[in-house]
Amino acid sequence: FAFMVHCESSCSERELLCETVVPLEDPIITETTSTLQEWGVLWKQLYVKHKVDLFHKLRHVMNELIDLRRQLIQGHLAQDQTREIKRHITVRLDWGNEHLGIDLVPRKEFEMVDPDQISVSELYKLGDSMRQRHGDGCRVPVSHHLFINLKSFTYNSISEDADVFFSLYDTREAKQISEKFMVKLNKNGGPKNPEKVDRLCALFTDLSSKDLKRDLYIVAHVVRTGRMLLNDSKKGPPHVQYRRPYGCAVLAMSDVFHTITDLKEEKDFVLKVYTCNNENEWYQVHENIIRKSNTKYSAPSTNYGLIISLQLLRGELEQIRRENQAVFNRALALTRKLGFPDVILPGDTRNDLYLTLERGEFERGGKSVQKNIEVTLYVLYADGDTLKDCISLGSGEPNTSEYRSFVLYHNNSPRWSEMVKLPIPIDRFRGSHLRFEFRHCSTKDKGEKKLFGFAFTPLMREDGTTLSDESHELYVYKCDENATFSNQGLYLSLPCCKEDFNSCPNLPANLPFQRSPKETFWVSTILCSTKLTQNVDLLALLNWKAHPDRVLDILGRLRQISGEEIVKFLRDVLDTLFCLLDDNTDKYGPLVFQSLVFIINLLRDSRFYHFRPVMDSYIQNHFAGALAYKYDLIRCLKWYMDRSAEVVRQDHIQEAMRALEYLFKFIVQSRILYSRATCGMEEEQFRASIQELFQSIRFVLSLDSRSSENLVFTQAALLNSFPDIFDELLQMFTVQEVAEYVRGTLGSMPSTVDIGQSMDVVKLQSIARTVESRLFFFPESRSILLPVVLHHIHLHLRQQRELLICSGILGSIFSIIKTSSMESSVQEEVEMMVESLLDVLLQTLLSIMSKSHSGEYVSCLLSLLRQMTEIHFHHLLNNFHSKEELKEFLLKIFCVFRNLMKLTIFPRDWSVMRLLTSHIIVVTTQFLSPALHKNFSEADFDFKVWNSFFSLTVLYINQPSLQLEALGPAKRKKVLDKYGDMRVMMGYELFSMWQKLGGSAPSHRLTYLQNHSENFRGESLCKHSGAAVMDGTG
């Protein structure tokens, strides 16, 4: 045999009673190793106990854990991959522990927490959140992406090349919601490009959870390329190719999403391809199939058709790209939504114009039959050159420089409803136009395509806005095959539509092209651009210097501009607003302030929340309004607050209160710029203005709002935003100064009895966020803020109001104090909390111990007792004014401790919390027992207090969680190493007090034994000899 010894780095950690050597590897690797060892023993027992199902499941999970552990040890993972591996490990560890009845392991960021390093309140929150996490929803919108793979077109009797266009269609709104994915097939049904075998796949991106609940369908239109009539070789020569409608297939996604939501692989579906009975109905063939209008389409003779596979992917696109590299290596075509996704990201740059050929009305032109009309589209620049590769029929195929529509046979009123994308470069958009050429496709021997007319439209209007998202009715101009378009100026001077005609009524008589008055052509457009705007008001604002007389009117219409347009031009809009402020403060100041408030609140919308960093970057790096704070921001904000007691409608005041955080960001940055430019001039004036502003804040909060609902909303908006300004104030003032401002504001709020319940909640929520803020972490500010916070908490606990919020505030305070326990100021803070809270906490627990949220208050009490030192207990016990007060306190705390052991406050599998609770109880009892003996012995003997004490010790020693003999060897050793046998500790405390009671008053001990011998019989039954200290003492 060969053995290998591997030396592993380690360190020592000192626990309560001993020193432990732990390896210097990732803690989750250590936990996985020890857990697998523990599971290994229990796994074999499952087989013996015939729990075969769990036996096989656990084996599978153990193998997964071994593989995941191996990946972590190798250390070749990126940071986000490591995080994901740890998440998978902890999910499996928790699953196994739960099914095997092993104790709950508290975690933070996937790693076990040391109960000694965090407060009891935080430990309780961690355990509670672990139990509830599976029911929690995700607040951040999650993007979904639909993967589609065309495997084959098995029913293909076309015998001609074909194009298949896939898109997502919302039948309830009767509109296409995505771009098209295009696949070119040969006459045999295979990919026309041999390199695309097994690579005909696309990813429909940025679908929201709301999209998945829509009445969505996958629609596939099949357009063949070949003869005019499929079964008539006489119609046109074979060398002339026409794009002709063939068939359509649909797949309802409502059921499909349920099927593929949790799948890790693709699932196959078959789409039957139906043919349209009447080409005039082609534009709505998909709707007819969805509605099952059987008379308007023909079903195939077999069940075969398009075979596709689908898979639903979740998360950010870059993350999916990393996790599914095999999918992206298959020449995946990214197919985007029409319009912006639910969450617009600042770096998402797009400039896509979606053009739909809707319909046309054309004259017969002296022919005996109607025309076969084909439309050719070109995108041309101002110099007349055709823009290359600026037309996309669908993702999956390269862009082209021209587009030819499909042809509807003998139809002078064709309806195409065919969409193309025009990804035109931003620098070529202005000055470019679209030209549509109309040709009649003859089916005679020569198969000529004769030009008979054209239409056009510029992409941008003269005012700088782009084509609006709507249908456009274009004029059709006559021309023939000999017409030349080399000089585009000949027709660009003509009106392209009715609106254009109305703007130029005086047209010359000898026009180069004559309009056909009975012919019209309709197109519709959708612009999805982060660089261009269709909004006249926004463009007018950005170009305000061209119309200075209209500025007030333009600012007044800012609210009517859509949020998408504003965030696209966020920096330009902000620059314009502050430029107006510099230009004329008195004239534009109030409206600029209102506009700024509107934009700030716009970024609170979940769709635009990701633009907050863009706003932050603007303030830090681009904002140049050094005078903004001085003349308008502070003045307008103060004016709004001071009017809150006067006006009835307070919507505008409430909006300003909600925008408080970013208003202060602008104020502070403006002051920094001014101070930098003037070497700190007018510092005292700035401080005075902030002092006055805070006086206005206190004024608003001090108002009696019980008779005014509007004022309640104003105060609520102010309190909600108030904690957000602390970090900004810390840039300009010392920690103590900011704390004084905050203390004065919190102190100005009416007491809990003087306000309604809704404001009571908002007030406490504001206090909670104050405690969680960075300001509260500084010891020098905590000493200022803690008294006022404790005052409000004390009032609420006395009246038993809003207990859940109060427990959260106390939990945050204890967590901070535990983190800062090495600081000298913490001892004073604990003293303050003992004086203010200990008694009211005990009283609260006695009232709510059996209710659902008692666990929060138990953890708060334990946190406080754990932080108390001998000095704190000494001060506490010496500060009682009478023995009656001391007796009442001891009875309360002993009663709470007994209830903790009688009631199931913490679940059985939460042994970490149970053991910690037992440790805190025994230590607290050791501090309290001398006061019991000193004050209630001999002449002052009080039977009730002594009885309460002895009952507590008996219950304590007999707790099931402390019976070490019932534990496995590994767990028993862990408990003994950390706490020792706590039954012995309490047993010796009991023995000591019993001896003292006998030494000072033997008769009292005899009386007690006669009346409560059952307590000591229970004591004698304890298995541990050290705990049975009462045997033979009677």
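Note that the structure is predicted; figures quoted are calculated from it, not measured.

## Brief notes about the overall build of the protein chain
Moving on, step 1. Looking only at helices and strands, one finds 38 helices and 24 strands in the protein chain.
Moving on, step 2. Taken across its 1034 residues, the protein chain has 53% of its residues classed as buried.
Moving on, step 3. Partitioning the intrachain contacts of the protein chain with sequence separation of at least 6 by distance along the chain shows that 75% fall at a separation of at least 24.
Moving on, step 4. Summing over all exposed atoms, the protein chain offers an accessible surface of approximately 48200 Å²; the carbon and sulfur share of this is 50%.

## Describing helix α28 (residues 803-819)
Moving on, step 1. Here α28 is 17 residues long and its end C-alpha atoms lie 24 Å apart, about the 24 Å a rise of 1.5 Å per residue gives.
Moving on, step 2. Most of α28 sits inside the fold, with 13 of its 17 residues counted as buried.

## Some points on the pattern of salt bridges
Moving on, step 1. Under the definition given, this model contains 54 salt bridges.
Moving on, step 2. Between K568 and E565 there is a salt bridge, with the nearest N and O atoms lying 3.0 Å from each other. Residue K568 and its partner E565 are located together in helix α15 (residues 563-568), separated by three residues, close to a single helical turn.
Moving on, step 3. A relative accessible area of 18% places K568 in the buried class.
Moving on, step 4. A salt bridge links E728 to K665, with the nearest nitrogen and oxygen atoms 3.2 Å apart. Of the two residues, E728 is situated in helix α24 (residues 726-729) and K665 in helix α21 (residues 660-678); the sequence distance between them amounts to 63 residues. Of the two residues, E728 and K665, neither departs from the other in class, the shared state being buried.
Moving on, step 5. Several salt bridges share partner residues, and in doing so they unite D170, D211, R214 and K337 into one network.

## Brief notes about the sheet that holds strand β15 (residues 305-314)
Moving on, step 1. Strands sit in the order β12-β15-β5-β9-β16 across an open sheet of five strands; the sheet is mixed. Each of the sheet's edge strands pairs with one partner strand only, and the pair in question is β12 (267-272) and β16 (333-335). Each adjacent strand pair in this sheet contributes to an overall mean axis angle of 30 degrees, direction not counted.
Moving on, step 2. Bridge analysis of β12 against β15 gives six bridges, and the strand direction is antiparallel. Of the residues in β15, the one forming a bridge with F269 is I308.
Moving on, step 3. Contacts from helix α6 (residues 253-260) reach β5 (144-153), β12 and β15, with the element oriented near 55 degrees to β15.

## Thoughts on the sheet that holds strand β19 (residues 402-404)
Moving on, step 1. Pairing within the open sheet is antiparallel, and its eight strands lie in the order β19-β18-β21-β22-β23-β24-β17-β20. The sheet is open, and its two edges are formed by β19 and β20 (415-422), each paired on a single side. Pairs of neighbouring strands in the sheet enclose a mean axial angle of 25 degrees, with direction left out of account.
Moving on, step 2. Of the pairings in the sheet, the one linking strand β18 (residues 373-380) to strand β21 (residues 433-441) comprises eight bridges and is antiparallel in character.

## With respect to the confidence of the model for the protein chain
Any segment with low pLDDT has predicted coordinates that should not be analysed in fine detail.
Moving on, step 1. This prediction gives the protein chain a mean pLDDT of 84; 89% of its residues lie at or above 70.
Moving on, step 2. No element of the protein chain has a lower mean pLDDT than helix α38 (residues 1013-1020), at 48, and none a higher one than β19, at 96.

## Some thoughts on the nonpolar core
The nonpolar side chains of soluble globular proteins are, as a tendency, buried together.
Moving on, step 1. By size, the foremost hydrophobic cluster in this structure holds 180 residues, and its most contacted members are I599, L637, F666 and L797.
Moving on, step 2. Per-element accounting of this core gives the leading share, 11 residues, to helix α29 (residues 825-848).
Moving on, step 3. Those residues in contact with I599 that lie beyond four places of it in its chain are L558, I566, L570, V573, L574, L577 and M615.
Moving on, step 4. Ranked by size, the runner-up nonpolar core spans 63 residues in total, among them L357, L474, Y475 and V523.

## Quick word on the pairing of strand β8 (residues 181-185)
Moving on, step 1. Where burial is concerned, most of β8 is hidden: four out of the five residues are buried.
Moving on, step 2. With five bridges connecting them, strand β6 (residues 161-170) and β8 associate as antiparallel partners. Note on β8: the bridge partner recorded for A162 is L185.

## Focus on a negative patch on the surface
Moving on, step 1. A grouping of D469, E470, E473 and E499 is seen on the molecular surface, where their side chains present a negatively charged patch.
Moving on, step 2. Here E473 lies in strand β23 (residues 471-478).
Moving on, step 3. Relative accessible area serves as the criterion here: at 43%, E473 is assigned to the partly exposed category.

## Looking at unusual backbone geometry
Moving on, step 1. Within the chain, K292 stands out as a residue other than glycine whose phi angle is a positive 60 degrees.
Moving on, step 2. By the secondary structure assignment, K292 is in the loop between α7 (285-290) and β14 (297-298).
Moving on, step 3. Owing to a relative accessible area of 61%, K292 belongs among the exposed residues under this scheme.
Moving on, step 4. In this structure, S417 is a non-glycine residue whose phi angle is positive, near 50 degrees.
Moving on, step 5. Within the secondary structure, S417 is located in strand β20.

## Here we look at the packing of helix α1 (residues 27-48) against helix α2 (residues 52-74)
Angle between the axes and distance between the axes: these two values describe a pair of packed helices.
Moving on, step 1. Following both chains from N to C, one finds α1 and α2 inclined at 160 degrees, their axes separated by 10 Å at the closest point. The angle between α1 and α2 places the two elements in the roughly antiparallel class. The handedness of the crossing between α1 and α2 is left-handed. Residues I28, I29, T32, T33, L36, W39, G40, W43, L46 and Y47 of α1 form the contact with α2, whose participating residues are L54, F55, L58, R59, V61, M62, L65, I66, R69, L72 and I73.

## Let's talk about the packing of aromatic side chains
Moving on, step 1. Within the structure shown, the criterion is met by 40 aromatic pairs.
Moving on, step 2. Grouped by ring-pair contacts, the aromatic residues Y629, Y674, F686, F694, F722, F726, F733 and Y741 constitute a single cluster.
Moving on, step 3. Above the face of the F452 ring, K371 is positioned so that its terminal group lies 3.8 Å from the ring centre.
Moving on, step 4. The positively charged end of R515 is found above the aromatic ring belonging to Y475, 3.7 Å away from the centroid.

## Notes on helix α22 (residues 683-702)
Moving on, step 1. The end-to-end C-alpha separation of α22 is 29 Å, in line with the 28 Å expected for 20 residues at 1.5 Å each.
Moving on, step 2. Buried within α22 are the following residues: F686, S689, I690, L693, F694, S696, I697, R698, V700 and L701.
Moving on, step 3. Of the surrounding secondary structure, the elements contacted by the buried residues of α22 are α19 (628-642), α21, α23 (709-721), α24 and α25 (735-748).

## A closer look at the pairing of strand β17 (residues 351-361)
Moving on, step 1. Along β17, eight of the 11 residues are buried, which leaves the element largely enclosed by surrounding structure.
Moving on, step 2. Bridge count for β17 against strand β24 (residues 515-529) is 10 bridges, and the pairing is antiparallel. Bridge pairing links N351 to S529 in β24.
Moving on, step 3. Direction of pairing for β17 relative to β20: antiparallel, over a ladder of six bridges. Within the sheet, the bridge partner assigned to Y354 lies in β20 and is K421.

## Focus on the side chain of K371
Moving on, step 1. Relative to the helices and strands, K371 is located in the loop between β17 and β18.
Moving on, step 2. Buried and unpaired, K371 has E519 as its nearest opposite-charge partner, separated by 4.3 Å.
Moving on, step 3. Within the structure, K371 has its side chain in polar contact with the backbone oxygen of E363 (distance 3.1 Å).
Moving on, step 4. Setting aside residues no more than four positions away along its own chain, K371 makes contact with E363, R364, L408, H410, N411, N412, H440, F452 and E519.

## So, the packing of helix α17 (residues 585-602) against α19
Moving on, step 1. At a minimum axis distance of 10 Å, the contact between α17 and α19 shows a crossing angle of 70 degrees. One element, α17, and the other, α19, form an angle in the roughly perpendicular class. Two packed elements cross with a definite hand, and for α17 against α19 that hand is right-handed. Here T585, D586, G589, P590, F593, Q594 and L596 of α17 come into contact with α19, specifically with Y631, D632, L633, R635, C636, L637 and Y640.
Moving on, step 2. When its residues are assigned to classes, the contact of α17 with α19 shows eight nonpolar, three polar and three charged.

## So, the state of the cysteines
Moving on, step 1. Tallying each qualifying case throughout the model produces zero disulfides.
Moving on, step 2. No disulfide involves C248; its sulfur sits 9.0 Å from that of C276, the nearest cysteine.
Moving on, step 3. Here C806 is not cross-linked by a disulfide; its sulfur's nearest cysteine counterpart is in C860, at 9.7 Å.

Basis of the calculations
- Residues numbered from 1 in each chain as written.
- Predicted model: local features only at pLDDT ≥ 70, side-chain atom pairs only at ≥ 80, totals over all residues.
- Heavy atoms only, no water.
- Helix = DSSP H or I, 4+ residues; strand = E, 2+ residues; numbered from the N terminus.
- Buried < 20%, exposed > 50% of the residue type's maximum accessible area, 1.4 Å probe, protein only.
- Contact = heavy atoms within 4.5 Å.
- Areas by Shrake-Rupley, 256 points an atom, 1.4 Å probe, with all protein chains shown as cover.
- Expected span 1.5 Å × (residues − 1).
- Salt bridge = Lys/Arg side-chain N within 4 Å of Asp/Glu carboxyl O.
- Pairing = 2+ DSSP bridges.
- Axes fitted to C-alpha atoms, helices over the stretch in contact; angles between N-to-C directions.
- pLDDT = per-residue confidence, 0-100.
- Core = buried A, V, L, I, M, F, W, Y, C linked by side-chain atoms within 4.5 Å.
- Patch = residues over 30% accessible without salt bridge, like charges linked within 9 Å, V, L, I, M, F, W, Y side chains within 5 Å.
- Lys, Arg positive; Asp, Glu negative; His and termini not counted.
- Charge placed at Lys NZ, Arg CZ, Asp CG, Glu CD.
- Parallel < 35°, antiparallel > 145°, perpendicular 65-115°, else oblique.
- Left-handed = near helix turned anticlockwise from the far one by under 90°.
- Phe/Tyr/Trp six-rings, centres within 6.5 Å; stacked < 30°, edge-to-face > 60°.
- Lys NZ or Arg CZ within 6 Å of the ring centre and 35° of its normal.
- Polar contact = N/O pair within 3.5 Å; in protein donor to acceptor, adjacent residues only side chain to side chain.
- Nonpolar A, V, L, I, M, F, W, Y, C, P; charged D, E, K, R; others polar.
- Disulfide = S-S within 2.5 Å.

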